[in-house]
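# Structure at a glance
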Amino acid sequence: MNKIKLVVAGAVTLLGVVVFSAHFSHPAPSATDTASAAVGSSSLRIGVESTEPVYFQSGGETLGFDYDMARGVAEGMGVEPEFVPMDVNQLFPALRAGKIDMIGAQVTKTSDLERDFDFSAPYFSTYVAFLTPAGSSIRTRHDVDGKRIAVVDGAIQESYLRDKYHDVKIVKAPTVGAAVQLIERGEADALFHGAPYAQSIIKSAPIVLEEPIVYPVDDAPIGFVIRSGDPRKEQIDGVLKDMILSGEWLKIKTAYFEADPLSDVFRDKGA
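Residues numbered from 1 in each chain as written. Predicted model: local features only at pLDDT ≥ 70, side-chain atom pairs only at ≥ 80, totals over all residues. Heavy atoms only, no water.

## Some points on the overall build of the protein chain
Condition: Secondary structure is summarised from DSSP: a helix means a run of H or I of at least four residues, a strand means a run of E of at least two, and numbering begins at the N terminus for each. When accessible area is computed with a 1.4 Å probe and restricted to protein chains, residues below 20% of their type maximum are described as buried, those above 50% as exposed, and intermediate ones as partly exposed. Using a 1.4 Å probe, accessible areas were evaluated by the Shrake-Rupley method; residue-level cover was limited to the displayed protein chains.
When helices and strands are counted, the protein chain shows 10 helices and 13 strands. Within the span of the protein chain, comprising 271 residues, buried residues form 50% of the whole. When the accessible surface of the protein chain is totalled, it reaches about 12,100 Å², and 49% of it is carbon and sulfur.

## What about the sheet that holds strand β9 (residues 148-152)?
Cut-off, in case you're wondering: Whether two strands pair comes down to DSSP finding at least two bridges between them. Interaxial angle, 0 to 180 degrees, is taken between N-to-C directions of lines fitted to C-alpha atoms, where a helix line uses only the stretch in contact.
Pairing is mixed across the open sheet formed by five strands, whose spatial order is β10-β9-β11-β8-β12. Among the strands making up the open sheet, the edge pair consists of β10 (169-173) and β12 (213-222). With direction set aside, neighbouring strand axes in the sheet form an average angle of 30°. Across five bridges, β9 lies against β10 in parallel orientation.

## Observations concerning the packing of aromatic side chains
Test applied: Each Phe, Tyr or Trp ring (for Trp, its six-membered ring) is paired with any other whose centre lies within 6.5 Å, and the angle between the two planes then decides the class: stacked below 30 degrees, edge-to-face above 60, tilted in between.
Under the criterion given, the structure shown has 14 aromatic pairs. Residues Tyr 165 and Phe 192 carry aromatic rings whose centres are separated by 6.4 Å and whose planes lie at 65° to one another, so their mutual orientation is edge-to-face. One end of the pair, Tyr 165, is in the loop between α5 (156-164) and β10; the other, Phe 192, is in strand β11 (residues 190-194), and 27 residues separate them in sequence. Exposure remark for Phe 192: the relative accessible area of 0% places this residue in the buried category.

## Looking at unusual backbone geometry
Between Glu 52 and Pro 53 the backbone carries a cis peptide bond, its omega angle lying at 10°. Its location among the elements puts Pro 53 in the loop between β2 (43-48) and β3 (56-58).

## A closer look at the packing of helix α2 (residues 65-77) against helix α9 (residues 248-257)
The line we're drawing: When an angle is under 35 degrees it counts as roughly parallel; over 145 it counts as roughly antiparallel; between 65 and 115 it counts as roughly perpendicular; any other value is oblique. When the near helix sits turned anticlockwise from the far one by under a right angle, the crossing is termed left-handed; a clockwise turn instead gives a right-handed crossing. Should any heavy atoms of two residues lie within 4.5 Å, those residues are considered in contact.
Packing of α2 against α9 brings their axes to within 9 Å, and their N-to-C directions diverge by 165°. As the angle between them shows, α2 and α9 are arranged roughly antiparallel. Viewed along their axes, α2 and α9 form a crossing whose handedness is right-handed. Facing Phe 65, Asp 68 and Met 69 of α2, the residues of α9 in contact are Trp 249, Ile 252, Lys 253, Tyr 256 and Phe 257.

## Focus: the nonpolar core
Within soluble globular proteins, side chains that are nonpolar generally end up buried alongside one another. Inclusion rule: In this text, buried Ala, Val, Leu, Ile, Met, Phe, Trp, Tyr and Cys residues form a nonpolar core when linked through side-chain atoms within 4.5 Å.
If you look at the biggest cluster of nonpolar residues, it comprises 32 residues, and the most contacted ones within it are Phe 65, Met 69, Val 73, Met 102, Tyr 123, Phe 124 and Phe 224. Elements with a minimum of two residues in this core: β2, α2, β8 (124-131), α8 (233-246) and α9. Counting residues per element, this core draws most heavily on α2, which supplies seven residues. Apart from the residues lying within four places of it in its own chain, the contact partners of Met 102 are Leu 44, Arg 45, Ile 46, Gly 47, Ala 70, Leu 95, Phe 224, Val 225, Ile 226 and Ile 236. Of all hydrophobic cores here, the second largest spans 22 residues; its members include Val 152, Ala 178, Ala 205 and Ile 207.

## A word on the pairing of β11
Burial of β11 is extensive: five of the five residues sit out of reach of the surface. Inspection of the sheet shows β9 paired to β11 by two bridges, in the parallel sense. Along β11, the bridge assignment pairs Ala 150 with Leu 191.

## What about the environment of Val 208?
Its location among the elements puts Val 208 in the loop between α7 (198-204) and β12. Sequence-wise, Val 208 and Thr 132 are 76 residues apart; in three dimensions their C-alpha atoms are separated by 8.8 Å.

## With respect to α8
Operational definition: One fewer than the residue count of a helix, multiplied by 1.5 Å, yields its expected span. By definition, the arc is the one covered by directions from the helix axis to the C-beta atoms.
Taking 1.5 Å as the rise per residue, α8 with 14 residues should run 20 Å; its terminal C-alpha atoms sit 20 Å apart, in good agreement. Turning to α8, its buried residues number three or more, namely Ile 236, Asp 237, Val 239, Leu 240, Met 243 and Ile 244. The arc that holds the buried residues of α8, viewed along the axis, is 160°, so those residues lie on one side. Away from its buried face, by an angle of more than 90 degrees, α8 presents the exposed residues Glu 234, Lys 241, Asp 242, Leu 245 and Ser 246. Just downstream of α8, Gly 247 is the residue with a positive phi angle, here 95°.

This is the structure we're talking about:
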């Protein structure tokens with residue numbers, strides 16, 4: 001196994017996908033520039049967000065679902081993975097500027113993002129979760145009608161909640177911590193958030209939260225993000241396919257998300 005370089009560039013505990021149009025104000029490198037940078041490169045610089053269980057440190061060891069998947073991709077390509085932790089709001093500008101080669105941070109593929117970047121084949125499906133306080137009457141996702149649901153302002157969960165749940169009152173918060181405070185003050189009945197971050201939120205919350213109500217969104221795949229026209233996309237996709245068919249993907253998924261249901265996206269591919 002290749003030696004892993006860890007480049008510390010700051011980290012926050014936010015949410016897998018928070019994208020604002022201001023992130024895309026800088027011109028992207030041309031396809032020619034991208035191809036030239038890729039040729040002969042012996043490393044793959046991967047932008048990550050430091051949040052358990054996708055990328056984190058434990059007992060001096062680096063762990064995480066996105067970490068293991070990205071490391072597997074790099075090693076399958078025959079290059080050395082170089083992880084660059086940063087604030088989630090810095091990931092896309094860094095990719096545009098060529099400071100990193102790939103984003104591995106639970107990014108959901110959307111039509112807006114596809115206009116500016118290329119996505120790899122899916123390596124996960126978007127899982128969402130309702131987080132509720134102890135004693136809540138919300139036991140399933142069908143119990144949220146008429147409830148006040150907190151979301152992180154600008155996150156993909158906000159638009160999904162608006163599209164799929166028409167009888168809830170959306171209460172926006174700037175951060176996950178602020179959303180939990182809304183529940184603590186009785187101003188929200190639940191938090192709707194990315195499921196991979198649920199257990200981390202439960203551990204750090206100042207109030208007791210029930211086990212999350214988790215389910216997958218199969219029409220919202222998660223992929224690695226690269227610059228548009230990057231010639232390594234085909235190679236990345238090939239390694240991901242091999243990881244799924246060999247059982248390596250399922251092994252990694254089970255290590256971090258054992259309780260989560262297996263999406264049909266991957267069951268259909270032999271996982």
